Amino acid sequence: MVSRTIPVDSFDLVVIGGTGDLARRKILPALFKRFCSGQVAGESRLIGAARRAFDTDGYRAFVRDALREFAGEIALDEDAVAKFCATVDYVAIDARGDNGWQDLADLMEAGAAPDAVRAFYFSVGPGLFSEIAQKLQRFGLTNEASRVVVEKPFGRDLDSARALNAQLAQYFDESQIYRIDHYLGKETVQNLMAVRFGNMLFEPLWNAQYIDHIQITVAESVGVEGRGEFYDRAGTMRDMVQNHLMQLLCLIAMEPPAHFDPDAVRDEKLKVIRALDGVQPHHIVRGQYTASDGALSYREDVGNERSKTESFVALKCHLNNWRWAGTPFYLRTGKRLSHRDSEITVVFKDTPHSIFGPEAGRHRNELTIQLQPNEGITLGVTIKEPGPGGMRLVDVPLDMSFAEALGPSADTPDAYERLIMDVIRGNQTLFMRNDEVEAAWAWTDPIIRGWEARGDVPKPYDAYSAGPDDAMLMMRRDGREWKGLSK
Ligand code: NAP
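Note that the structure is a prediction, hence the values are computed from the model and not measured.

### Focus: the pattern of salt bridges
Phase 1: Under the criterion given, the structure shown has 35 salt bridges.
Phase 2: Among the salt bridges present, the one from Asp65 reaches Arg68, with a minimum N-O distance of 3.5 Å. Note that Asp65 and Arg68 are positioned in helix α2 (residues 56–70) at a spacing of 3 residues, about one turn of the helix.
Phase 3: Notably, a salt bridge pairs Arg118 with Glu109, separated by 3.4 Å at the nearest N-O pair.
Phase 4: By sharing partners, the salt bridges in this structure join Asp263, Arg266, Asp267, Arg433 and Asp435 into a single network.

Shown next as structure tokens:
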């Protein structure tokens with residue numbers, strides 16, 4: 001199969017916070033990989049901006065180090081690294097003051113075509129968004145083809161998200177604002193839409209009549225990893241459920257949009273969030289990991305012996321609409337779990353009548369969409385166990401492994417590669433709209449407020465386990481089991 005890389009017109013990408021962790025780990029390697037694929041046109045520029053006093057050569061060396069550390073084998077190509085670094089510039093700016101902004105404006109005026117896309121990646125804490133947006137306007141840095149990219153956390157509740165949206169809206173039209181959720185950049189997540197809406201096979205069955213329940217698990221084996229202070233203020237509900245799990249839920253549950261265009265897709269996602277029922281307190285389990293297997297406890301990790309913040313959430317929710325009435329959705333996510341495993345499992349109902357009798361056992365089709373650590377889709381089907389001795393049934397996976405089916409050119413790009421190029425192309429389909437973010441907070445807020453009002457203490461679970469026993473019990477009470485992630 002021939003890979004199709006469509007080059008984009010020259011652009012300027014300014015990474016504000018270009019010396020930070022996200023820039024080093026994700027943004028710089030992603031742009032470098034797109035550069036190597038031939039997608040980034042020759043005149044394009046990457047401009048780093050932060051307070052640190054780098055000159056251009058110093059920042060290029062910083063970029064080279066970041067690529068060596070995080071871009072993988074492709075960064076062994078010294079020639080490619082040198083060519084990429086030649087497109088890199090740096091300006092020292094302070095978001096809180098006027099320092100450097102005129103220099104950035106002068107640099108941007110020089111070189112690029114006047115109508116070239118200018119993308120500003122706000123790779124800084126949300127507390128700086130408003131000031132940066134204001135400076136971009138005041139120093140004449142934006143044009144009609146400008147866009148801004150903002151990272152999570154997009155607020156910590158509905159009020160703060162509304163305030164952030166309002167601040168950005170003062171300076172930019174919604175069509176210029178790209179709120180990143182990197183889960184949406186994953187190839188398999190997009191494949192979920194292709195599988196659902198590109199095949200006749202699944203969509204007629206995609207409803208409460210045929211689907212028993214749907215599970216979404218996003219499990220991490222790592223702990224809070226240097227983000228202790230931030231994490232302890234946020235917790236899993238804000239850090240993972242409100243954004244990543246909610247976005248996955250939307251894609252799995254939404255109605256077919258009329259077209260694959262940004263607002264049509266986002267309108268349907270919004271309807272899903274608005275159809276979500278409130279979660280009953282006995283349908284949600286919060287957990288916090290304790291020391292085990294050589295790992296410190298959550299409280300030790302965040303340096304707060306009294307912390308009541310959750311590092312795990314499992315919940316059951318329902319959608320109040322015709323398609324899903326009666327089909328529960330189970331969401332589960334946490335840190336320091338037994339292994340890294342993100343998957344969505346669609347569990348179909350039993351056949352209405354078994355011609356093979358009770359001894360054939362219970363067999364159900366399951367569609368598993370694996371997001372991490374590997375990406376792929378597996379359909380579990382029931383067949384006859386080979387050999388003599390009657391009709392014994394067995395479940396086997398019908399594996400849709402993209403690498404095998406499509407050959408080596410099916411190398412899946414990192415989510416950031418895809419999303420950054422979508423920003424440049426002006427395609428907002430995989431980015432969250434203001435109303436989506438606010439609706440997600442409107443659903444999350446009462447849950448968090450309920451915990452706070454009750455002084456809820458999370459259930460302890462051993463580090464590197466499958467989470468608190470109560471999460472298992474919640475499923476078992478419903479006669480179901482979590483998929484993946486074992487003790
Ligand atoms: P970080 O390592 O602390 O980097 C912050 C960046 O902002 C640095 O480049 C810093 O550079 C710059 N900065 C801070 N104050 C500034 C100011 N007044 N003016 C100009 N620049 C300033 O943070 P990060 O991990 O890269 O995260 C950036 C954003 O992405 C955060 O909102 C975070 O929540 C989000 N995020 C990060 C990750 C990740 O993997 N790291 C993942 C998802 C979301 P100077 O100190 O040189 O100014």
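Okay, back to it.
### Re the pairing of strand β9 (residues 312–317)
For a regular strand, side-chain orientation follows a simple rule: the groups alternate between the two sheet faces.
Phase 1: Most of β9 sits inside the fold, with 6 of its 6 residues counted as buried.
Phase 2: Here β9 shows a buried face lined by Phe312, Ala314 and Lys316 and a second buried face lined by Val313, Leu315 and Cys317.
Phase 3: Where strand β8 (residues 284–290) lies against β9, 4 bridges are found, and the strand directions are antiparallel. Bridge pairing links Gly287 to Phe312 in β9.
Phase 4: Inspection of the sheet shows β9 paired to strand β10 (residues 329–334) by 6 bridges, in the antiparallel sense. In the strand pairing of β10, Lys316 is matched with Tyr330.

### Considering unusual backbone geometry
Phase 1: The omega angle of the peptide bond from Lys152 to Pro153 is 5°, so this bond is cis rather than trans.
Phase 2: The amide bond that connects Gln372 to the next residue, Pro373, takes the cis arrangement and shows omega of 0°.
Phase 3: Among the secondary structure elements, Pro373 is positioned in the loop between β12 (366–372) and β13 (376–384).
Phase 4: At Arg336, a position not held by glycine, the phi torsion is positive, near 50°.
Phase 5: Relative to the assigned elements, Arg336 resides in the loop between β10 and β11 (341–348).

### A look at the site of the ligand
Phase 1: The environment of the ligand is formed by 21 residues, the closest being Thr19, Asp21, Leu22, Arg51 and Ala95.
Phase 2: The contact in question runs from an oxygen atom of the ligand to an N or O atom on the backbone of Gly20, over 2.9 Å.
Phase 3: Separating an oxygen atom of the ligand from a backbone N or O atom of Val124 is a distance of 3.0 Å.
Phase 4: Bound to the protein, the ligand loses 73% of the 880 Å² it would expose on its own.
Phase 5: Tallied by class, residues from the shell around the ligand come to 8 nonpolar, 6 polar and 7 charged.

### A look at the packing of aromatic side chains
Phase 1: As enumerated under the stated definition, the model contains 15 aromatic pairs in all.
Phase 2: Look at Tyr330 and Trp482: their rings are 6.0 Å apart centre to centre, the planes differ by 80°, and that puts the pair in the edge-to-face class. Note that Tyr330 is positioned in strand β10 and Trp482 in the segment after α15 (469–477), a separation of 152 residues in sequence.
Phase 3: Above the face of the Phe154 ring, Arg179 is positioned so that its terminal group lies 5.0 Å from the ring centre.

### Side note on the packing of helix α7 (residues 187–198) against helix α9 (residues 236–253)
Each pair of packed helices can be described by the angle between their axes along with the distance between the axes.
Phase 1: Running from N to C, α7 and α9 point in directions that differ by 15°, and their axes come no closer than 9 Å. In terms of orientation, α7 lies roughly parallel with respect to α9. The way α7 lies across α9 gives a crossing that is right-handed. Counting all contacts with α7, which are made through Val189, Leu192, Met193 and Arg196, the residues of α9 involved are Leu248, Leu251, Ile252 and Ala253.
Phase 2: Classifying every residue of the contact of α7 with α9 gives 7 nonpolar, no polar and 1 charged.

### Describing a nonpolar patch on the surface
Phase 1: On the surface, a nonpolar cluster with roughly 310 Å² of combined accessible area is contributed by Ile355, Phe356 and Met391.
Phase 2: Here Met391 lies in the loop between β13 and β14 (393–400).
Phase 3: We classify Met391 as partly exposed; its relative accessible area is 43%.

### Describing the side chain of Glu151
Phase 1: Here Glu151 lies in the loop between β5 (146–150) and α6 (158–171).
Phase 2: Of the side chains bearing the opposite charge, Lys152 lies closest to the buried Glu151, which forms no salt bridge; the N-O distance is 7.2 Å.
Phase 3: Looking at Glu151, its side chain comes within polar contact range of the side chain of Tyr416, at 3.0 Å.
Phase 4: Discounting residues that sit within four places of it in the chain, Glu151 has contacts with Leu22, Tyr121, Phe122, Phe129, Ile180 and Tyr416.

Criteria and cut-off values
Residues numbered from 1 in each chain as written. Predicted model: local features only at pLDDT ≥ 70, side-chain atom pairs only at ≥ 80, totals over all residues. Heavy atoms only, no water. Salt bridge = Lys/Arg side-chain N within 4 Å of Asp/Glu carboxyl O. Helix = DSSP H or I, 4+ residues; strand = E, 2+ residues; numbered from the N terminus. Buried < 20%, exposed > 50% of the residue type's maximum accessible area, 1.4 Å probe, protein only. Pairing = 2+ DSSP bridges. Near = heavy atom within 4 Å. Polar contact = N/O pair within 3.5 Å; in protein donor to acceptor, adjacent residues only side chain to side chain. Areas by Shrake-Rupley, 256 points an atom, 1.4 Å probe, with all protein chains shown as cover. Nonpolar A, V, L, I, M, F, W, Y, C, P; charged D, E, K, R; others polar. Phe/Tyr/Trp six-rings, centres within 6.5 Å; stacked < 30°, edge-to-face > 60°. Lys NZ or Arg CZ within 6 Å of the ring centre and 35° of its normal. Axes fitted to C-alpha atoms, helices over the stretch in contact; angles between N-to-C directions. Parallel < 35°, antiparallel > 145°, perpendicular 65-115°, else oblique. Left-handed = near helix turned anticlockwise from the far one by under 90°. Contact = heavy atoms within 4.5 Å. Patch = residues over 30% accessible without salt bridge, like charges linked within 9 Å, V, L, I, M, F, W, Y side chains within 5 Å. Lys, Arg positive; Asp, Glu negative; His and termini not counted.

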